Amino acid sequence: MATSMSPPAAAPDGTKPGGHPTRAFQTVRTDNWKLGPLLTVAGLGAFVLYSTWRAFSGVHYWVEPYLSPFYSPLIYANPQHWAGSPIAHAWFGEMPQALIDAWPSFLPFALSPAFFILVFPGSFRATCYYYRKAYYRSFFGTPPGCAVCPIGQKNYQGETRLLVIQNLHRYALYGALAFIGILYYDAFLALRRGGEWGIGVGTLVLFMNATLLAGYTFGCHSFRHLVGGRLDRFTNAVGAPGLAHRVWRGVSWLNARHMKFAWASLFWVGFTDFYILAVSRGWISDLNTWGEAMGGH
Amino acid sequence: MSERHFRVWRGDSEGGEFVDYTIDVEPGMVVLDCIHRIQAQHAEDLACRWNCKAGKCGSCSMEINGKPKLSCMTRMNTFGPDETITIQPMKTFPVVRDLVSDVSFNYRQNARIRPLKPRPRGKDGEHRMYQEDVDRVQEFRKCIECFLCQDVCHVLRDQDAMERFTGPRFMIRLASLEMHPLDTDDRVPEIRDEFGSGLCNITRCCTEVCPEHIGITDNAIIPLKERVVDRYYDPLMWLMRKITGRK
């Protein structure tokens with residue numbers, strides 16, 4: 001009887017005792033296991049392509065009173081861009097000339113305001129425990145599916161060497177938490193246009209965006225740990241559960257739906273930007289209480 | 001009653017082959033019933049481990065159409081009427097014979113884990129703990145040790161890392177001790193260094209195959225990884241420990 005710590009060796013035909021395949025992407029499964037990874041590649045790929053294009057474009061991210069989440073908070077406005085935001089809307093006004101001059105001139109695109117901020121939501125999603133599962137399976141094939149042979153690695157290290165950086169997820173979370181406040185602030189600003197209170201479809205789109213992102217961010221595994229999961233005891237000396245327990249239970253409810261919020265918020269943040277792009281370009285009109293949209297600048 | 005086709009792997013640790021069987025299947029039968037019928041009608045020496053036939057003993061783990069499953073809980077009406085059903089032993093463990101695997105790797109892992117080290121008893125001489133504090137641990141106690149999670153975990157199954165990673169079932173056991181309201185042992189260093197928490201890349205297959213629906217990844221492995229982050233990778237936590245003197 002073999003009792004070694006290593007799994008049984010493969011035969012020359014690539015199978016192990018038990019008839020199991022050993023080569024990458026091989027499996028005995030008969031169901032459509034490829035569908036999940038393919039949908040993930042399509043969904044994440046489409047979002048990365050669209051968001052990259054929009055971040056680099058640096059235009060049509062603002063139509064009063066709506067600011068695209070890809071550009072919020074607007075640190076600087078770049079006067080080189082047409083159809084950007086009014087300079088006055090940026091936190092620090094016009095982009096300093098020194099920054100514009102420092103930008104390599106051989107690059108085919110100008111310095112976009114999105115470059116200052118997208119690292120925060122980007123790193124939060126990139127190190128998210130759910131997305132890690134999604135891209136390890138779909139893009140890196142480790143493994144592509146359950147009981148499907150992974151792409152071979154001579155010395156598998158998991159998240160202990162290069163990928164040890166994933167452990168900084170909680171720092172990305174701190175940034176993402178700040179963005180929830182900023183995006184709600186943008187949504188509230190979208191209740192006023194030209195000094196007049198009102199509401200438009202764009203306002204609702206922005207509120208929905210902030211809410212879905214809040215559902216995603218507050219269901220984060222690191223957040224769940226920090227608010228209570230790190231404790232061994234939720235109760236005090238007389239057995240009364242404290243605030244940490246209530247918060248932890250609420251976060252756990254969101255955490256159980258983390259994947260759904262991850263996809264819903266990803267789609268909606270892209271849709272929000274597209275809505276503002278479409279209104280700014282004049283492709284559609286924003287239905288609102290102020291009358292016709294002002295259009296882009 | 002309908003005629004159904006099976007491909008069952010027959011052999012031992014030296015090798016073997018798939019053997020085809022055809023039997024009549026009646027409504028309500030599960031895969032384990034079919035294996036028993038194959039034994040009765042065609043291959044009385046077909047080796048198969050089973051016990052309760054109720055999804056509670058964890059004995060009849062095997063791979064059915066490539067998926068790690070309990071054969072006693074896999075109903076025949078979940079397959080298409082013309083589908084050939086392929087049955088294999090678990091891939092991760094050495095084959096003893098036919099559908100029986102040598103799962104002693106798991107017992108060795110279990111023996112490595114230090115038992116509960118409770119804090120001193122209260123003034124009334126009792127160990128007291130409250131339901132809110134043991135809810136998490138009780139979820140882990142549902143484990144029936146079928147080892148399907150160990151089988152499907154690619155780190156054990158395909159990455160040749162059994163020396164370095166203890167596997168999902170034992171991450172659960174470690175979590176049940178690490179989160180235990182009475183336990184005083186400091187387990188975080190060995191969870192990282194000895195049991196290999198960093199090798200898990202949280203692809204969640206263990207959770208998907210668990211017949212007890214334990215949230216292995218979300219409720220055990222990721223919380224343990226976060227405790228490892230507290231100890232080793234978070235500079236703010238490090239600073240706080242220095243200031244407060246707490247671990």
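Residues numbered from 1 in each chain as written. Chains lettered and ligands numbered in written order. Predicted model: local features only at pLDDT ≥ 70, side-chain atom pairs only at ≥ 80, totals over all residues. Heavy atoms only, no water.

**Quick look at the domain arrangement of chain B**
Residue and element names in this part refer to chain B. Going by this rule: For every domain, the bounds stem from an assignment made automatically or drawn from a database. Working rule for contacts: check all heavy atoms of both residues, and any pair within 4.5 Å makes them a contact. Defined here as a combined quantity, buried area equals the accessible surface (1.4 Å probe) lost by two parts on assembly, summed across both. Salt bridges are identified by distance alone: a Lys or Arg side-chain nitrogen within 4 Å of an Asp or Glu carboxyl oxygen. Secondary structure elements are defined from DSSP: runs of H or I of at least 4 residues count as helices, runs of E of at least 2 residues count as strands, and each element is numbered from the N terminus. Lys, Arg, Asp and Glu make up the charged group, whereas Ala, Val, Leu, Ile, Met, Phe, Trp, Tyr, Cys and Pro make up the nonpolar group; the residues left over, Gly among them, are polar.
Looking at the assigned domains, one finds that chain B contains domain 1 (2-101) and domain 2 (104-244). Measuring from the centre of the C-alpha atoms in domain 1 to the corresponding centre in domain 2 gives 32 Å. Between domain 1 and domain 2, the contact holds 14 residues from the first and 17 residues from the second. Around 1200 Å² of area is buried between domain 1 and domain 2 when both sides are counted, 57% of it from carbon and sulfur atoms. Taken as a group, Pro68, Thr92 and Phe93 account for 45% of the area that domain 1 buries against domain 2, more than any other trio of residues on that side. Across the pair aspartate 158 and lysine 91 runs a salt bridge whose closest N-O atoms are separated by 2.7 Å. Among the elements of the structure, β3 (61-64) and β4 (67-70) are those that each provide at least two residues to the side of domain 1 that touches domain 2. Taken together, the residues of the side of domain 1 that touches domain 2 sort by class into 6 nonpolar, 4 polar and 4 charged.

**Concerning the interface of chain B and chain A**
For clarity, the threshold we go by: Within 3.5 Å is the distance limit for a polar contact, defined as a pair of N or O atoms, with the added protein rule that one can donate a hydrogen and the other accept it, and that residues adjacent in sequence qualify only through two side-chain atoms.
Each partner contributes to the interface: chain B provides 68 residues, whereas chain A provides 66 residues. Contact with chain A buries surface across chain B, with B:Lys91, B:Arg136 and B:Glu226 losing the most and accounting together for 11% of the total. The tally of links between chain B and chain A comes to 7 salt bridges. The partner of A:Asp31 in a salt bridge is B:Lys67, with the nearest N and O atoms 3.2 Å apart. Our count for the chain B to chain A interface comes out at 37 residue pairs in polar contact (both at pLDDT 80 or more). Of all the elements, helix α9 (residues 216-232) of chain B adds the most residues to the side of chain B that touches chain A, at 9 residues. Within the side of chain B that touches chain A, the residues separate by chemical class into 28 nonpolar, 15 polar and 25 charged.

**Things to note about the nonpolar core**
Rule in force here: Among the buried residues, those of types Ala, Val, Leu, Ile, Met, Phe, Trp, Tyr and Cys that are joined through side-chain atoms within 4.5 Å form a nonpolar core. When accessible area is computed with a 1.4 Å probe and restricted to protein chains, residues below 20% of their type maximum are described as buried, those above 50% as exposed, and intermediate ones as partly exposed.
Within the largest apolar cluster, 72 residues are counted, with the highest numbers of intra-cluster contacts made by B:Phe6, B:Met76 and B:Ile87. Two domains share this core, each providing at least three of its residues, namely domain 1 (2-101) and domain 2 (104-244) of chain B. If sequence neighbours within four positions are ignored, B:Phe6 has contacts with B:Val19, B:Asp20, B:Tyr21, B:Ile23, B:Val25, B:Cys34, B:Ile38, B:Met76, B:Thr84, B:Ile85 and B:Ile87. If you look at the next biggest cluster of nonpolar residues, it comprises 34 residues, including A:Tyr61, A:Ala77, A:Cys220 and A:Leu226.

**Re the pattern of salt bridges**
What the rule picks out here adds up to 29 salt bridges over all chains. Residue A:Arg170 is joined to B:Asp230 by a salt bridge in which the shortest nitrogen-to-oxygen separation is 2.5 Å. A residue pair is termed interchain when its members come from two chains, as with A:Arg170 in helix α5 (residues 169-189) and B:Asp230 in helix α9. The buried category is assigned to A:Arg170, whose relative accessible area is 0%.

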